[in-house]
Amino acid sequence: MSPNRRDFIRQSAQLAALAAMGVSLPEGAAGAVPLPDGLHWQKAPCRFCGTGCGVMVGVQGGRVVAVQGDPDNGVNKGLLCAKGYHAGGILYGKDRLTHPLIRKNGVYERTSWEEAIEVIADAIMADSERFSIYGSGQWTVPEGYQNAKFIKAGLSNNHLEPNARLCMASAAVGLISTFGVDEPSGCYEDLDECDTVITWGNNWAEMHPVLFSRFIDRKKALPKFQAGRMTYIDMATRKTRSTQSADIYMEFVPQTDMVIANCICYQLLKNDTYDKEFVAKHTRFQADDGSEMDLEAFRTFLEDYTLEKASALSGVSVGHLKMLGDLFGDPKRKVVSLWCMGLNQHTRGTAMNNLVYNVHLLAGKIGKPGSTPFSLTGQPSACGTAREVGTFAHALPSGRLVANAEHRKECEDLWNAVPGAINPKPGFHTIQLFEAFAAGEVTGMWVQVTNPGQSMPHLHKNLANADERFLVVSDVYPTATTRLAKVVLPSALWVEKNGVFGNSERRTQQWFKAVDPPEEARDDVWQVLAVAHRMFEKGFKGLRDRDGNFLLAIRDESGREIEAWKWEVFKTVNVDRILYNEYRTLTTKKHKDLAPYDVLAAHHGLRWPVVQDDSGTWRETTRRFVEGEDPFVEKGKGIQFYGAKAGDDKAIIWARPYVAPPEVPDEEYPLWLCTGRVLEHWHTGTMTQRVRELHNAMPRAYVEFHPMDANELGIQDGDKIRVQSRRGAMVLPAWVRGRGMPERGSVFVPFFDETKLINEVTLDAYCPQSKQPDYKKCAVRVEKVV
């Protein structure tokens, strides 16, 4: 075992509640396994990042008392990270929300569910065309599906967005624009087969530590005489814990990752080392404006990205750039490219995703074991819910679009909605939505499973007047957003309810409720159902189907309506199973076929498309578009990009030019600011800050400096530093020799700390295609605070 992993497990296990329990997982445990002492183990996916690790949840006396990695889950094979080992602790913070609250005369007062539902229903009915829901990549699949149905067919306005717009929109649009369909084609097994990993601005040692360990352990286990067989290259603007395990670190000027990718493509064509057969059979070329071009025109486009020109722009040496070109040009090399927020939170995020695909397509390093471009995911169901269910303002389930008449009709027919119920006009994307809410153009918003009062960029602008609008927040703890709300609803969390998540590698995972939520906290699915039914009772026409019945009715297998809007009834029915199986019927259109609910329940996750073979066995798909692995690839095709919009089974290689960021350091604001996460905390810390061990390990945010910059500025560890941009300022303690080291001329600040809202400083400029904002690059100045 490598020192990295050994230390990681030791540190995590020492903190874990499991160690104190002194219990062990039964061999081969699956589902709910009773033990003699009354402890029960139950499988569930982890509640944090999009890796989708399997956990075994130990329950005793109606409480989660232990958590272990699930050894039968193919994602993590029993290993968890520090957050995963403490997932049970997120349920039991002292300030858990347990009762509905309504703000009256500036003071929050406890109220009944009946009053809260009545107030929300009346507010939506008063201005339904301008009401919105802002949700999350933490929504379960049934939660997202029901919200899509409610907003798009019930309210007919499409003002539905997930916070995944802030983290994964560029990845989704990048995949769709290159391959015609969303979601990665590769799988985690490629980390077991590759000999080279390149991270493009991705600190996976802290953000996806289980996957990091999966590769690094393989690498460290090699005998010394074979050490050169595996290579890890870290390309970034900041040295991190990932860098410590890298063989080569390449530091580039922010935004010039575009230049590096184009330079690799230039070399592949210049050196005649691109995969000619693969490119001819499986790709075509398009200019940045979408017009067709040929290989020679693409070759001409790349003349701006020679080794010398690229080195001058990016700051990466000619030698390192040449090494990258040679590596991708070597037909024997098996290369996995990984990225996450560094590429996606980028004002040219879609283009940058396209460029990484360009490199792999030209090199023919895709659709082969150990060779794939792989976009990692930041949230547990950003893929399964936000992207696949279609909880974006322009989307409908399973890759459908509100602007497409055929797609609208398919959903209206399944839902028995009145023809024309779904509005063909897309709603506001996230930045537009909050701008409209601030301006009063959107008059109401229901926030679920997220904390935009801390996570939105340029907070002063985008959250302006939020406390004066009709804002409903469903959450589990007080947050920066609940403090702005008119109504606060207490929600059930993780294994306090049934659920389904979909992870980065197309793996759908189901779990059953293990414990009751505290006091009056209730499922988000029920909350929406109860409000919608109250609107139906009060005569709101949009929630009547073609037959005059309740549009969101929950029906059993015989078609009989279940009164699931009543909490006492809801608790006795697996509403998730009904909603999921209904949604599943929509997933076949673009070969995203999901397994039936009961099949999922019997497995530790299945990767779609999932189809039955001739024997009736349900089979998952390891790699998409590959004959013999993907059941929808035609015999004899080998590789078939069957989602291609042109219908020619070809992926698009895009000519995407370098475009400078909208804000760069200058004399007044001479430093770059980059924001991000840390190992111990997840996003805004709503859950992880309530876990004592995680909080104590990383209690507060900081501003990280390069030692030479700190020396020149006379800054030492612990000094109070004001970080100032054109939008706002925040005071934080300095950290000069910590975990990471930004490149010279830049600073780094994590955003988990609700007492240090660094997003008052950040920029909200966004990618023109994906509409995803750039949290990684803006100009700031710093000064000591005495």
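A word on the packing of helix α10 (residues 257–270) against helix α13 (residues 307–314)
Working note: a packed helix pair is described by the angle between its axes plus the distance between those axes.
Argument step 1. Put simply, α10 and α13 touch, their axes get as near as 10 Å, and they point 170° apart. In terms of axis orientation, α10 runs roughly antiparallel to α13. Residue-level inspection shows V259, I260, C263, Y266 and Q267 of α10 in contact with α13, the latter providing L307, A310, L313 and S314.
Argument step 2. Its residues assigned to classes, the contact of α10 with α13 comprises seven nonpolar, two polar and no charged.

Remarks on the packing of aromatic side chains
Argument step 1. Applying the stated criterion to the full structure yields 28 aromatic pairs.
Argument step 2. Ring geometry for Y188 versus F374: centroids 5.7 Å apart, planes at 50°, classification tilted. Pair noted here: Y188 is in the loop between α6 (169–179) and α7 (190–193) and F374 is in strand β16 (residues 372–375), with a separation of 186 residues, a long-range link.
Argument step 3. Y188 sits in the buried class, given a relative accessible area of 2%.
Argument step 4. F374 sits in the buried class, given a relative accessible area of 2%.
Argument step 5. Aromatic side chains W204 and F212 sit 5.4 Å apart centroid to centroid with 85° between the ring planes, which places their arrangement in the edge-to-face category. No difference in accessibility class separates W204 from F212, as the two residues are buried.
Argument step 6. Grouping aromatic residues by their ring pairs yields a cluster made of F179, F278, W339, Y357, F625, F641 and Y642.
Argument step 7. The ring of F748 carries the charged tip of R238 above its face, separated from the ring centre by 3.6 Å.
Argument step 8. For K276, the ring lying beneath its charged end belongs to Y274, and the centroid distance is 5.0 Å.

A word on the domain arrangement of the chain
Argument step 1. Segmentation of the chain into domains returns domain 1 (3–80), domain 2 (101–165 + 381–573), domain 3 (169–375) and domain 4 (671–784).
Argument step 2. Using C-alpha coordinates to define each centre, domain 2 is positioned 37 Å away from domain 3.
Argument step 3. Facing nine residues of domain 2, the contacting portion of domain 3 comprises 14 residues.
Argument step 4. A combined buried area of about 900 Å² lies between domain 2 and domain 3, and 41% of that area is made up of carbon and sulfur atoms.
Argument step 5. If you sort the residues of domain 2 by the area they bury against domain 3, R387, E505 and R506 come out on top, with a joint share of 61%.
Argument step 6. D182 serves as the salt-bridge partner of R387, at 2.7 Å between the closest nitrogen and oxygen.
Argument step 7. The tally of links between domain 2 and domain 3 comes to six residue pairs in polar contact (both at pLDDT 80 or more).

Observations regarding the state of the cysteines
Argument step 1. As enumerated under the stated definition, the model contains zero disulfides in all.
Argument step 2. With no disulfide of its own, C187 lies closest to C194 among cysteine sulfurs, the gap being 11 Å.

Quick notes on helix α9 (residues 209–220)
Argument step 1. Look at α9: 15 Å from first C-alpha to last across 12 residues, which is about the 16 Å you get at 1.5 Å a residue.
Argument step 2. Judged by how many residues are buried, α9 sits mostly within the fold: 10 of 12 residues are covered.
Argument step 3. Among the residues of α9, those classed as buried are P209, V210, L211, F212, S213, R214, F215, I216, D217 and K219.

Quick word on the pairing of strand β19 (residues 444–448)
Argument step 1. When you tally the buried positions in β19, you get five out of five residues, the bulk of the element.
Argument step 2. Neither face of β19 is exposed, since G444, W446 and Q448 on one face and M445 and V447 on the opposite face are all buried.
Argument step 3. Of the pairings in the sheet, the one linking strand β7 (residues 131–135) to β19 comprises four bridges and is parallel in character. The residue bridging S132 from the neighbouring strand is M445, located in β19.
Argument step 4. Sheet topology note: the β19/strand β20 (residues 470–475) ladder contains five bridges and is parallel. Bridge pairing links M445 to L471 in β20.

Some points on the packing of helix α5 (residues 141–155) against helix α22 (residues 524–537)
Argument step 1. Two elements in contact, α5 and α22, have axes whose closest approach is 9 Å; the angle formed by their N-to-C orientations is 20°. One element, α5, and the other, α22, form an angle in the roughly parallel class. The interaxial crossing formed by α5 with α22 has left-handed handedness. On the side of α5, the interface is formed by P142, E143, Q146, N147, F150 and L155, while α22 contributes D524, V525, V528, L529, A532 and M535.
Argument step 2. When grouped by side-chain class, the residues that make up the contact of α5 with α22 number eight nonpolar, two polar and two charged.

Describing the nonpolar core
Argument step 1. The biggest cluster of nonpolar side chains holds 67 residues, and the ones touching the most others in it are I120, F150, W446, M535 and L543.
Argument step 2. Looking at this core element by element, the count peaks at nine residues for α22.
Argument step 3. Apart from residues no more than four positions distant in its own chain, F150 is found in contact with I124, I133, L155, V528, A532, M535, L543 and L552.

Looking at unusual backbone geometry
Argument step 1. In this structure, P609 follows W608 across a cis peptide bond, with omega equal to 0°.
Argument step 2. Mapped onto the fold, P609 is located in the loop between β26 (606–607) and β27 (611–612).
Argument step 3. The phi dihedral of N158 falls on the positive side, at around 65°, and the residue is not glycine.
Argument step 4. Tracing the backbone shows N158 in the loop between α5 and β8 (160–162).

Observations regarding the side chain of N202
Argument step 1. Considering the arrangement of structural elements, one finds N202 in the loop between β9 (196–200) and α8 (204–207).
Argument step 2. For N202, the contacting residues outside a window of four places in its chain are H208, Y232, D234, S242, L338, W339, C340 and L376.

Scoring rules and cut-offs
Residues numbered from 1 in each chain as written. Predicted model: local features only at pLDDT ≥ 70, side-chain atom pairs only at ≥ 80, totals over all residues. Heavy atoms only, no water. Axes fitted to C-alpha atoms, helices over the stretch in contact; angles between N-to-C directions. Helix = DSSP H or I, 4+ residues; strand = E, 2+ residues; numbered from the N terminus. Parallel < 35°, antiparallel > 145°, perpendicular 65-115°, else oblique. Contact = heavy atoms within 4.5 Å. Nonpolar A, V, L, I, M, F, W, Y, C, P; charged D, E, K, R; others polar. Phe/Tyr/Trp six-rings, centres within 6.5 Å; stacked < 30°, edge-to-face > 60°. Buried < 20%, exposed > 50% of the residue type's maximum accessible area, 1.4 Å probe, protein only. Lys NZ or Arg CZ within 6 Å of the ring centre and 35° of its normal. Domains from an automatic or database assignment. Buried area = accessible area lost by both parts, 1.4 Å probe. Salt bridge = Lys/Arg side-chain N within 4 Å of Asp/Glu carboxyl O. Polar contact = N/O pair within 3.5 Å; in protein donor to acceptor, adjacent residues only side chain to side chain. Disulfide = S-S within 2.5 Å. Expected span 1.5 Å × (residues − 1). Pairing = 2+ DSSP bridges. Left-handed = near helix turned anticlockwise from the far one by under 90°. Core = buried A, V, L, I, M, F, W, Y, C linked by side-chain atoms within 4.5 Å.

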